[in-house]
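Spelled out from the first residue to the last, the chains are:
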Amino acid sequence: MKTLADAEGRVAVACGVTPIEYAVEIPGFGVRTRVLESGSGPTLLLLPDVATAASVWLPLMARLTGHRVLAVDLPGFGQAEPTDYRTVSYLRGFAVGFVHGLLDAMSLDAVAIGGNGVGGLWALWTAADRAECVRAIALLGAPACTAGTSVLTPRKLSGWPMTGRRNGGQDRWARLGQSPDRLPDGWAELTDAVAAQPGFDTAFRTLSRATHAGGGYGATDLGRLTQPVCLLLGERDPLARLDTLGTIADVISGPAIHAGGAGHLPWLDNAPAAAEVLRAFLAETDSAPAHGRSADRAAKAWPVPAPRSATTGSGAPVTATPDKDGG
């Protein structure tokens, strides 16, 4: 089996990005984690879901020009220190402390945060509890336990237990609604390498349970946020109910976009389109953060992307277009 560094290197080459990698000690928090950095400009911090690592963002990082993009390993995953979440008495406080501590350790003020799954929930918690640290929030895929969504568990991903089931996992990604033919070269090896890291099974199992038991984040909570929020939700995302898009679209101040043909990680199905959506949202929030919903920010539909080209290895770029009801 390839090491995590080898597997991440192959995917980075396939995606056309060369991130800088470094470790960050979070003072007073007792956690050491790893950050991947690319680009320059206003800072965007990316938080992955449970069971993935910072490198899950590589296909999107390759497309996000004009921003300094920081992708971080959550505690227990990737190259972060192993973490058993049964030792965490208050998950929300732990999550907010981790994100705030990371920003403080890197001498960052208010940043935009993008999150997938548990990462999306941690972004929302941080925006609510440490509002001064968060300028805008991009929910890329269903945020865990938010407005009726669920959380990724070992059983949902590839059966129980995880140990002994590491085989590259095209079926695992299919369970998340992803199209295997659109995954970057080397993705199977990267999936296995992430799952082979010390403490992965414990962190996956215990963080999933802690998140499920933590109370989540409701639509009312979303409506109270002062920061602009956008949502890019794949139509095949198994963690979201059918009414999730409308529920969240009714209360957030940014766009809610339905990603046709996409799964829980919509940038894996079409990185150019996902980057276009994110760049447009960040361009607005970088200059003038929005407060309150306006009539021109109704939910939009994202057309089904073309299959990956056998010669280019990339999805055909598409743009977000209004649905038949307008927006």
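Since this is a predicted model, take the numbers as computed values, not measurements. (Residues numbered from 1 in each chain as written. Predicted model: local features only at pLDDT ≥ 70, side-chain atom pairs only at ≥ 80, totals over all residues. Heavy atoms only, no water.)

Considerations on helix H7 (residues 187-195)
Part 1 of the argument: Extensive coverage of H7 is indicated by the burial of seven of its nine residues.
Part 2 of the argument: Inspection of H7 places Trp187, Leu190, Thr191, Asp192, Ala193, Val194 and Ala195 among the buried residues, and these make up the whole buried set. (Buried < 20%, exposed > 50% of the residue type's maximum accessible area, 1.4 Å probe, protein only. Helix = DSSP H or I, 4+ residues; strand = E, 2+ residues; numbered from the N terminus.)

A closer look at the pairing of strand E2 (residues 31-38)
Part 1 of the argument: Extensive coverage of E2 is indicated by the burial of seven of its eight residues.
Part 2 of the argument: In this structure, strand E1 (residues 20-26) lies alongside E2, joined through seven bridges in antiparallel fashion. Looking at E2, one finds that Val24 is bridged to Thr33.
Part 3 of the argument: Count of turn residues in the E1/E2 antiparallel hairpin: four residues, of which Gly28 carries a positive phi of about 75°.
Part 4 of the argument: Sheet topology places E2 next to strand E4 (residues 68-72); four bridges connect them, and they run antiparallel. Residue pairing for E4: Ser38 is matched across the bridge by Val69. (Pairing = 2+ DSSP bridges.)

Side note on the nonpolar core
Part 1 of the argument: Membership of the largest hydrophobic core comes to 105 residues, with the highest contact counts inside it found for Leu45, Leu47, Trp57, Leu60, Trp122, Ile137 and Trp267.
Part 2 of the argument: With eight residues, the top contributor of residues to this core is helix H3 (residues 91-105).
Part 3 of the argument: Here Trp267 is in contact with Val56, Trp57, Pro59, Leu60, Asn116, Leu140 and Ala274, once residues within four sequence places are set aside. (Core = buried A, V, L, I, M, F, W, Y, C linked by side-chain atoms within 4.5 Å. Contact = heavy atoms within 4.5 Å.)

As for empty space enclosed by the protein
Part 1 of the argument: In total, this model carries one cavity of 30 Å³ or more according to the counting rule given.
Part 2 of the argument: Considering only enclosed or pocket space, the largest cavity measures out at about 210 Å³ in volume.
Part 3 of the argument: Forming the boundary of the largest cavity are 20 residues, of which Ala51, Thr52, Trp173, Thr191 and Val194 lie nearest the centre.
Part 4 of the argument: For the lining of the largest cavity, the secondary structure elements donating two or more residues are helix H6 (170-175) and H7.
Part 5 of the argument: Looking at the lining of the largest cavity, the element that brings in the most residues is H7, giving five residues.
Part 6 of the argument: Counted by class, the lining of the largest cavity contains 13 nonpolar, five polar and two charged residues. (1 Å grid on protein atoms, 1.4 Å probe; cavity = no way out; pocket = protein on both sides within 12 Å on 5 of 7 lines; lining within 4 Å. Points joined across faces, edges and corners; volume = space filled by probe spheres on them. Nonpolar A, V, L, I, M, F, W, Y, C, P; charged D, E, K, R; others polar.)

Examining the packing of aromatic side chains
Two descriptors summarise a pair of aromatic rings, namely the distance from one centre to the other and the angle between the planes of the rings.
Part 1 of the argument: Counting across every chain of the model gives seven aromatic pairs.
Part 2 of the argument: With centroids separated by 5.6 Å and ring planes inclined at 80°, the aromatic side chains of Tyr85 and Phe94 adopt a geometry described as edge-to-face. Considered together, Tyr85 and Phe94 belong to a single accessibility category, that of buried residues.
Part 3 of the argument: Put simply, the rings of Tyr85, Phe94, Phe98 and Trp122 pair up and form one aromatic cluster. (Phe/Tyr/Trp six-rings, centres within 6.5 Å; stacked < 30°, edge-to-face > 60°.)

Structural notes on the pattern of salt bridges
Part 1 of the argument: According to the stated counting rule, one finds 13 salt bridges in the structure shown.
Part 2 of the argument: In this structure, Arg224 engages Asp221 in a salt bridge whose closest nitrogen and oxygen atoms are separated by 3.9 Å. Taken together, the positions of Arg224 and Asp221, both in helix H9 (residues 219-224) and three residues apart, correspond to about one turn of that helix.
Part 3 of the argument: What makes Arg224 exposed here is its relative accessible area of 62%.
Part 4 of the argument: Overlapping salt bridges bring together Glu8, Glu21, Arg34 and Asp73 as one network. (Salt bridge = Lys/Arg side-chain N within 4 Å of Asp/Glu carboxyl O.)

Some thoughts on the environment of Ser38
Part 1 of the argument: Summarising the element assignment, Ser38 is placed in strand E2.
Part 2 of the argument: In this view, Ser38 contacts Val17, Met61, His67, Arg68 and Val69; residues no more than four positions away in its chain are not counted.

Quick notes on the pairing of strand E7 (residues 229-234)
Part 1 of the argument: Among the six residues that make up E7, six are buried, leaving the element largely enclosed by the rest of the structure.
Part 2 of the argument: Neither face of E7 is open: one carries Val229, Leu231 and Leu233, the other Cys230, Leu232 and Gly234, and all of them are buried.
Part 3 of the argument: Both strand E6 (residues 134-143) and E7 contribute to a ladder of four bridges, which runs parallel. Of the residues in E7, the one forming a bridge with Leu139 is Leu231.
Part 4 of the argument: Bridge count for E7 against strand E8 (residues 256-259) is four bridges, and the pairing is parallel. Bridge pairing in E8 places Leu232 opposite Ile257.
Part 5 of the argument: Handedness of the crossover joining E7 and E8 through helix H10 (residues 244-249) is recorded here as right-handed. (Right-handed = clockwise from strand over helix to strand, strands pointing away.)

Overview of the packing of H3 against helix H4 (residues 118-129)
Part 1 of the argument: Between H3 and H4, the least distance of the axes is 9 Å, while the angle of their chain directions is 80°. In terms of orientation, H3 lies roughly perpendicular with respect to H4. Contact residues: H3 offers Leu91, Arg92, Phe94, Ala95, Val96, Phe98 and Val99, while H4 offers Trp122, Trp125, Thr126, Ala128 and Asp129.
Part 2 of the argument: Looking at the contact of H3 with H4 residue by residue, the class counts come to nine nonpolar, one polar and two charged. (Axes fitted to C-alpha atoms, helices over the stretch in contact; angles between N-to-C directions. Parallel < 35°, antiparallel > 145°, perpendicular 65-115°, else oblique.)

Brief notes about the packing of helix H1 (residues 4-15) against H7
Part 1 of the argument: The contact between H1 and H7 brings their axes to 9 Å, and the two run at 150°. For the element pair H1 / H7, the angle class is roughly antiparallel. Of the two possible hands of crossing, H1 and H7 adopt the one that is left-handed. Contact residues: Leu4, Ala7, Glu8, Arg10 and Val11 in H1; Trp187, Glu189, Leu190, Ala193 and Val194 in H7.
Part 2 of the argument: Looking at the contact of H1 with H7, its residues break down into seven nonpolar, no polar and three charged. (Left-handed = near helix turned anticlockwise from the far one by under 90°.)

Honestly, it's all geometry; don't read function into it.
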